[in-house]
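# Descriptive analysis of the structure
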Amino acid sequence: MNKYMGFFELKALNVPSVPWDTFTSDTVLDKELLWTVRVATAAGNDLNLPRAVGVDSEEAQARGRELLREYGEKGIVIYYPYFIAEKSGVLDINSQRLVIEAVDKDLWNLVTYGRKDVTVIVRADGDMQMTGDSRFLTPDEISELMRFGAVIRGRFRGEISGGTSVLAEWSYAYNTDIRRKPVGQRYLVFYELRGLSVL
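Every value quoted in this text rests on a predicted model; they were computed, and no experiment measured them.

So, how was this worked out
Residues numbered from 1 in each chain as written. Predicted model: local features only at pLDDT ≥ 70, side-chain atom pairs only at ≥ 80, totals over all residues. Heavy atoms only, no water. Helix = DSSP H or I, 4+ residues; strand = E, 2+ residues; numbered from the N terminus. Phe/Tyr/Trp six-rings, centres within 6.5 Å; stacked < 30°, edge-to-face > 60°. Lys NZ or Arg CZ within 6 Å of the ring centre and 35° of its normal. Core = buried A, V, L, I, M, F, W, Y, C linked by side-chain atoms within 4.5 Å. Buried < 20%, exposed > 50% of the residue type's maximum accessible area, 1.4 Å probe, protein only. Contact = heavy atoms within 4.5 Å. 1 Å grid on protein atoms, 1.4 Å probe; cavity = no way out; pocket = protein on both sides within 12 Å on 5 of 7 lines; lining within 4 Å. Points joined across faces, edges and corners; volume = space filled by probe spheres on them. Nonpolar A, V, L, I, M, F, W, Y, C, P; charged D, E, K, R; others polar. Pairing = 2+ DSSP bridges. Salt bridge = Lys/Arg side-chain N within 4 Å of Asp/Glu carboxyl O. Polar contact = N/O pair within 3.5 Å; in protein donor to acceptor, adjacent residues only side chain to side chain.

## Regarding unusual backbone geometry
A positive phi angle, close to 65 degrees, is found at K105, a residue other than glycine. Looking at the element boundaries, K105 is found in the loop between β6 (97-104) and α3 (108-111). Its identity as a non-glycine residue notwithstanding, R180 has a phi of 65 degrees, on the positive side. Here R180 is to be found in the loop between β9 (164-176) and β10 (182-197).

Written out as structure tokens, the structure is:
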């Protein structure tokens, strides 16, 4: 499963996910919100694809049309309202264990800069190990992430038993207004799902 399929799987799964839609040449975005525009290719290398994150509607529409011209025949361009991340991380799920890695604020702090506040490893027998700041994630947050990890594991049971690891990216986040001010209550959101071969 690549990023392209992962977007569709997230939409179909019973997990909280970004309310993405497919960008077209006719897409008009709300001027009162900031937007994220991303690319997913149907085949080939789908890592480090171009994106526009947290931009106003005019820039998002211009970038979306540019990406559509370049990638429209190779996959999809999607968009969704930008959110402010309070905590982010990944769930790495295989047949033997669930790993929760978490970092302060945006996921880029983990995947780009290699920062990590806590790692939680939950083995199949229920044994849990934690390294890093044991207070970074609350018990309720760990339980919630484990619960959705179980949903993802159930959906991909066949692939996981065949040796694949499934990686899900998540944040505890707030909606934002055009001035990047948090709006409303904090929520958990998943925004990427992919399968990784285990050697």
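Next, the rest of the story.
## Concerning the environment of T164
For T164, the location among the structural elements is in strand β9. Once the C-alpha coordinates of T164 and S95 are considered, the two residues, 69 residues apart in sequence, prove to be 8.4 Å apart.

## Considerations on the packing of aromatic side chains
Counted according to the given criterion, the structure contains eight aromatic pairs. Plain terms: the ring middles of F7 and W20 are 6.0 Å apart, the flat faces sit at 55 degrees to each other, and that makes the pair tilted. Separated by 13 residues along the polypeptide, F7 in helix α1 (residues 3-12) and W20 in the loop between α1 and β1 (21-22) bring together distant segments of the chain. Aromatic side chains F83 and Y191 sit 5.5 Å apart centroid to centroid with 45 degrees between the ring planes, which places their arrangement in the tilted category. A residue pair is termed long-range when its members are at least 10 positions apart, and F83 in strand β5 (residues 83-93) and Y191 in strand β10 qualify at 108 residues. The ring of Y71 carries the charged tip of K74 above its face, separated from the ring centre by 5.2 Å. Taking the ring centre of F156 as reference, the NZ or CZ of R155 above it sits at 4.8 Å.

## Overview of the nonpolar core
Residues L91, I100, L137, L145, I152, W170 and F190 are the most contacted members of the largest nonpolar core, which totals 26 residues. The set of elements that each furnish at least two residues to this core consists of β5, β6, β7 (118-123), α4 (139-155), β9 and β10. Those residues within four positions of L145 in sequence are excluded, and the remaining contacts are L91, I100, L137, W170, Y172, L188 and F190. Core analysis: the second largest hydrophobic core is formed by 16 residues, W20, I78, L107 and A173 among them.

## A look at the layout of surface pockets
Within this model, the largest pocket holds a volume of roughly 520 Å³. If you go around the largest pocket, you meet 24 residues; those closest to its centre are R51, L107, W108, V111 and E169. Secondary structure elements with two or more residues in the lining of the largest pocket: β2 (35-41), β3 (51-55), β5, α3, β9 and β10. Of the residues contributing to the lining of the largest pocket, the split by class is eleven nonpolar, five polar and eight charged.

## Quick notes on the pairing of β6
A regular strand places its side chains on the two faces of the sheet in alternate fashion. Counting buried residues in β6 gives six out of eight residues, a clear majority hidden from the surface. Here β5 runs beside β6; their pairing, made up of seven bridges, is antiparallel. Directly across from D92, in β6, lies its bridge partner V99. Linkage of β5 to β6, two consecutive antiparallel strands, is achieved through a turn of three residues.

## Some details on the pattern of salt bridges
The full count for this structure, using the stated rule, is eleven salt bridges. In this structure, E141 engages K87 in a salt bridge whose closest nitrogen and oxygen atoms are separated by 2.8 Å. With a gap of 54 residues between them, E141 in helix α4 and K87 in strand β5 connect regions that are remote in the sequence. Each member of the pair, E141 as well as K87, is classed as buried. Of the charged contacts in the structure, one is a salt bridge between R97 and D92, with a shortest N-O distance of 3.4 Å. The residues R97 and D92 share a single accessibility class, namely buried. Members of the salt-bridge network, linked through shared partners, are E86, K87, E141 and R186.

## Quick notes on the side chain of T176
Of note, T176 is situated in strand β9. Relative accessible area serves as the criterion here: at 4%, T176 is assigned to the buried category. Only 3.3 Å separates the side chain of T176 from the backbone oxygen of K181, close enough to count as a polar contact. Residues in contact with T176, not counting those within four places in the same chain, are L33, Y82, F83, I84, K181 and V183.

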